[in-house]
Amino acid sequence: IVEWVGTWTDVHERKRAEEALSFLSDASRVLLATSDLQTTLERLAHLVVPRVADLCHIDLLDEATGELRRATEQHADPEKLVIMRELVRRYPPATNPLYASATAVRTGQTRLLNDLDDLYYLSLAVDDDHLSYIRAVAPRSYIAAPLVVRGRTLGALVVFQAESNRRYTEADASLIEELARRTALTVDHAHQLAAEQRARAVAESTSHAKSDFLAAMSHEIRIPLYSIVGYA
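1. Some points on the side chain of H75
Inspection of the secondary structure puts H75 in strand β2 (residues 68-75). Here D77 takes part through its backbone nitrogen, which lies 2.9 Å from a polar atom of the side chain of H75. Residues in contact with H75, not counting those within four places in the same chain, are V49, D54, L55, K80, L81, M84, V137 and E163.

Here's what the structure looks like:
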């Protein structure tokens with residue numbers, strides 16, 4: 001019996017490992033498919049739900065303000081997705097340091113938390129309306145992983161289990177951490193491209209301004225020169 005259980009466990013673990021590799025492979029294709037960051041993150045959230053989560057959201061640090069903002073979210077239940085979006089509209093990530101994404105960004109560490117209950121919901125809520133939204137979504141287990149690249153934290157990727165009543169494991173946390181690492185590379189690359197485009201636009205604007213200035217100066221100089229030449 002022990003031998004049979006051991007064999008079953010080995011097969012089960014191997015199957016989980018194969019599924020994890022397949023998921024990361026699919027995620028990598030999504031992350032490399034387009035240069036538009038918003039589209040990429042939305043497609044990634046659609047991949048995560050429902051394969052490894054009942055709901056998922058990605059929060060990014062605003063480059064100008066340094067505040068967390070919601071980039072995208074996805075829920076297996078369309079009605080719950082509407083509730084999530086209203087929750088974020090009224091209580092955005094930047095306003096609550098206890099949110100899973102805020103904690104991951106602040107600590108720079110991946111966090112796994114199971115058995116979320118009403119006491120947890122109460123600790124997050126700032127008022128009764130907020131509490132009702134959280135209870136409606138009713139997360140039961142979550143993993144929050146920071147998006148870190150080159151020593152910089154760019155945001156957080158958070159996955160939840162809710163209706164399925166599943167609980168995350170350390171193996172799941174490792175998987176989400178690797179997904180967050182790959183996502184961070186994509187976000188960083190998109191930021192670099194945006195910075196290059198802004199720098200190019202500034203350079204082109206400066207070049208146009210210089211050309212306009214020289215043209216105007218040339219015109220202003222020619223007029224008195226013509227008068228001098230005519231007089232001579």
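Once the structure has been displayed, the description carries forward.
2. Remarks on the nonpolar core
Counting residues in each nonpolar core, the largest one holds 34 residues, and the members touching the most others are L44, V48 and L179. Secondary structure elements with two or more residues in this core: α1 (2-33), α2 (37-51), β1 (55-61), β4 (141-149), β5 (152-161) and α7 (170-231). Looking at which element gives the most residues to this core, the answer is α7, with eight residues. For L179, the contacting residues outside a window of four places in its chain are F23, L24, A27, L44, V48 and L157. Judged by nonpolar contacts, the second largest core, of 25 residues, contains V105, L116, Y120 and I134.

3. Some remarks on the packing of aromatic side chains
Each pair of aromatic rings is reported with the distance of its centres and the angle of its planes. Using the criterion set out here, one finds four aromatic pairs in the structure. Taken together, a centroid distance of 6.3 Å and an interplanar angle of 65° make the contact between Y120 and Y121 edge-to-face. Here Y120 falls in the buried class, since its relative accessible area comes to 15%. Among the residues examined, Y121 registers a relative accessible area of 3% and is labelled buried. Taken together, the ring pairs in this structure connect Y120, Y121, Y142 and F160 into an aromatic cluster.

4. Comments concerning the sheet that holds strand β3 (residues 111-113)
Pairing is antiparallel across the open sheet formed by five strands, whose spatial order is β2-β1-β5-β4-β3. Bordering the open sheet on either side are β2 and β3, each of which pairs with just one other strand. Neighbouring strand axes in the sheet, compared pairwise and without regard to direction, differ in orientation by 15° on average. α2 rests against β1, β2 and β5 of the sheet, and its axis sits at about 40° to β2.

Definitions and limits used
- Residues numbered from 1 in each chain as written.
- Predicted model: local features only at pLDDT ≥ 70, side-chain atom pairs only at ≥ 80, totals over all residues.
- Heavy atoms only, no water.
- Helix = DSSP H or I, 4+ residues; strand = E, 2+ residues; numbered from the N terminus.
- Polar contact = N/O pair within 3.5 Å; in protein donor to acceptor, adjacent residues only side chain to side chain.
- Contact = heavy atoms within 4.5 Å.
- Core = buried A, V, L, I, M, F, W, Y, C linked by side-chain atoms within 4.5 Å.
- Buried < 20%, exposed > 50% of the residue type's maximum accessible area, 1.4 Å probe, protein only.
- Phe/Tyr/Trp six-rings, centres within 6.5 Å; stacked < 30°, edge-to-face > 60°.
- Pairing = 2+ DSSP bridges.
- Axes fitted to C-alpha atoms, helices over the stretch in contact; angles between N-to-C directions.

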